[in-house]
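# Overview (structure and organization)
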Amino acid sequence: MTIHTRQAPSRRLAGLLGLVLTLQPAAGLAAIGTESAATTGSSEEIQLAQRRGGGGGGSRGSSRSRSSSRGSRSSSRSSSRGSRSSSRSGGRTGFSNYSGSRSGSRSSNRASTRSNRSSTRSNRQGSRQSTRSSRQGQARTNTANRQSNRQGNRSNRQNQVRNNSSNRQNNRNDRFNTRADNRRKAINNWDRYGRGWYSGNNWYNNRPWNSGWYGGSYWNNWGWYPGRAAAWGVASLATFGVINSLVNTAQSNEVSYIVVPDSEYSLYYPSVTATGDTVTFEADDGGSTARFYADCRQGTLNGGTPGSSNEAQLLNAACQVAFGQ
């Protein structure tokens, strides 16, 4: 019994090895190492089992060992495949993430560039509008300044013209006064004429000829007067009241002449004599003394119409002394 019991495990072991080698050479080689390593322990366990009365324990342990080995190889293969799949998946996932990141960055850059361009255009537009508004405002200001300057210059020129005119008039009056002063110093000779009809107050009542008829109604009706007076700028001729005052003042001061109003002439009033409507007299033009004759009704001087406002004023003054009242 002991001999048969020891031979049966050896036969079974040989059969398993053959089957394993037939199915999987590599696995069989691995199993040989495993079985040979476990043979010593198995024989001892078999003997113990036989002694205890159980013969099948060894077979079950061997079967379990083979199942464990197959499970280990299957788990290893599955783990290897899972690792490869995970590696590929991870690689692809990384590429996808990289691509997405690069695409997102490009989109962000493009959006930022568009925003910058739009902002630049807006700034340029605003700057152009501001510059245009500034130019228009400056143009309006320049126009207003030019207009104001023109008005100011025009007003200044007008004032200058008025001042010049006034200065010319004053200078003319000064010349008249200067000439009158020179005449008074040069030719005043009260004793030359003695005391005649012109002496004393109310001298016009002592005139020895027909008088008191001459006045503005005559010189206003002289045919030449309206047109020439307007051209000369003469508004009117001296009245009898003005001439009378001048003669009275000259008599009080023992002066033999009066300065004809608005004229360069001085009239020697004691020299006036009248025959009918004609009067003769002497006058000084500031440089020399001359004798004149005039027709007070016709308005002529030395046989003709006066050639200037000075001559018209002299004619009127002589007629006022001779016939005025």
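Scroll up for the structure.
Residues numbered from 1 in each chain as written. Predicted model: local features only at pLDDT ≥ 70, side-chain atom pairs only at ≥ 80, totals over all residues. Heavy atoms only, no water.

### A closer look at the overall build of the protein chain
This is how the line gets drawn: Under the DSSP-based scheme used, a helix requires at least four consecutive residues in state H or I and a strand at least two consecutive residues in state E, with every element numbered from the N terminus. Each residue gets one of three labels from its accessible area relative to the maximum for its type: buried under 20%, exposed over 50%, partly exposed in between, using a 1.4 Å probe on protein chains only. The contact rule is simple, with two residues in contact once any of their heavy atoms fall within 4.5 Å. Residue burial considers only the protein chains on display, and all accessible areas are found by Shrake-Rupley using a 1.4 Å probe.
Helix and strand content of the protein chain: 8 helices and 5 strands. Ordered by position in the sequence, the α and β elements of the protein chain form the string α-α-α-α-α-α-α-β-β-β-β-β-α. In the protein chain, which comprises 325 residues, the share counted as buried stands at 23%. Across the protein chain, every contact between residues at least 6 apart in sequence was considered, and the portion connecting residues at least 24 apart equals 57%. Summed over all atoms, the accessible surface of the protein chain reaches about 21400 Å², with 45% contributed by carbon and sulfur.

### Looking at the nonpolar core
Note the cut-off: What is meant by a nonpolar core is a set of buried Ala, Val, Leu, Ile, Met, Phe, Trp, Tyr and Cys residues, joined one to another through side-chain atoms within 4.5 Å.
Core analysis: the biggest nonpolar cluster contains 46 residues, and Leu 267, Phe 281 and Phe 323 have the highest contact counts within it. Listing elements by their share of this core, those giving two or more residues are helix H6 (225–232), helix H7 (240–252), strand S2 (266–275), strand S3 (278–284), strand S4 (289–295) and helix H8 (309–323). Those residues within four positions of Phe 281 in sequence are excluded, and the remaining contacts are Leu 267, Ser 271, Val 272, Ala 290, Arg 291, Phe 292, Ala 294, Leu 301, Leu 314 and Ala 318.

### Thoughts on H7
To keep things clear, this is the line we draw: A helix is expected to reach a length of 1.5 Å times the quantity of its residues less one. Throughout, the arc means that of the directions going from the helix axis to the C-beta atoms.
Helix length check: H7, at 13 residues, gives a terminal C-alpha distance of 18 Å against a target of 18 Å (1.5 Å per residue), a fit within 8%. Along H7, the residues that are buried comprise Phe 240, Ile 243, Asn 244, Val 247, Ala 250 and Gln 251. Looking straight down H7, one finds its buried side chains confined to an arc of 130 degrees; they lie on one side. Buried residues along H7 sit against helix H4 (190–193), strand S1 (258–259), S2 and H8. One or two residues past the end of H7 sits Glu 254, with phi positive at roughly 55 degrees.

### Describing the environment of Val 234
Looking at the secondary structure, you find Val 234 in the loop between H6 and H7. The exposure class of Val 234 is buried, given its relative accessible area of 16%. In this structure the C-alpha to C-alpha distance between Val 234 and Ser 309, which are 75 residues apart in sequence, comes to 7.1 Å. Those residues within four positions of Val 234 in sequence are excluded, and the remaining contacts are Tyr 225, Ala 229, Ser 309 and Gln 313.

### What to know about the side chain of Ser 271
By the secondary structure assignment, Ser 271 is in strand S2. Ignoring any residue separated from it by four or fewer positions in sequence, one finds Ser 271 in contact with Tyr 193, Thr 280, Phe 281 and Glu 282.

### Quick word on a positive patch on the surface
Put simply, the rule reads: Residues enter patches when they are more than 30% accessible in relative terms and free of salt bridges; like-charged ones are connected within 9 Å and nonpolar ones (Val, Leu, Ile, Met, Phe, Trp, Tyr) within 5 Å. Criterion for a salt bridge: a side-chain nitrogen of Lys or Arg within 4 Å of a carboxyl oxygen of Asp or Glu. Counting rule for charge: Lys and Arg are taken as positive, Asp and Glu as negative, and neither His nor the chain ends is counted. Positions of charges follow a simple convention, taking NZ of Lys, CZ of Arg, CG of Asp or CD of Glu.
Residues Arg 106, Arg 110, Arg 114, Arg 117, Arg 121, Arg 124, Arg 128, Arg 132 and Arg 135 make up a contiguous surface patch of positive charge. Using a relative accessible area of 52% as the deciding quantity, one classes Arg 110 as exposed.

### What to know about the pattern of salt bridges
Using the criterion set out here, one finds 2 salt bridges in the structure. For Arg 291, the salt bridge identified is with Glu 282, shortest N-O distance 2.8 Å.

### Focus: the pairing of S2
Quick note on the threshold: Two strands make a pair as long as DSSP finds a minimum of two bridges between them.
The buried fraction of S2 is high, at 8 of 10 residues. When S1 meets S2, the two strands line up antiparallel, connected through 2 bridges. Each residue of the ladder has a partner; that of Val 259, found in S2, is Ser 266. The turn joining S1 and S2, which pair antiparallel and follow one another in sequence, is formed by 6 residues; a positive phi near 55 degrees is taken by Asp 262. Here 6 bridges tie S2 to S3, and the two strands are oriented antiparallel to one another. Following the sheet pairing, Ser 266 is matched in S3 by Asp 284. The hairpin formed by S2 and S3 contains 2 residues between the paired strands, and Gly 276 there has a positive phi angle of roughly 65 degrees.

### Notes on unusual backbone geometry
For Asp 262, which is not a glycine, the phi torsion comes out positive at approximately 55 degrees. A residue is classified by how much of its surface remains accessible, and Asp 262, at 61% relative accessible area, is exposed. One non-glycine residue with positive phi stands out, namely Asn 302, at about 55 degrees. Inspection of the secondary structure puts Asn 302 in the loop between strand S5 (300–301) and H8. Among the residues examined, Asn 302 registers a relative accessible area of 37% and is labelled partly exposed.

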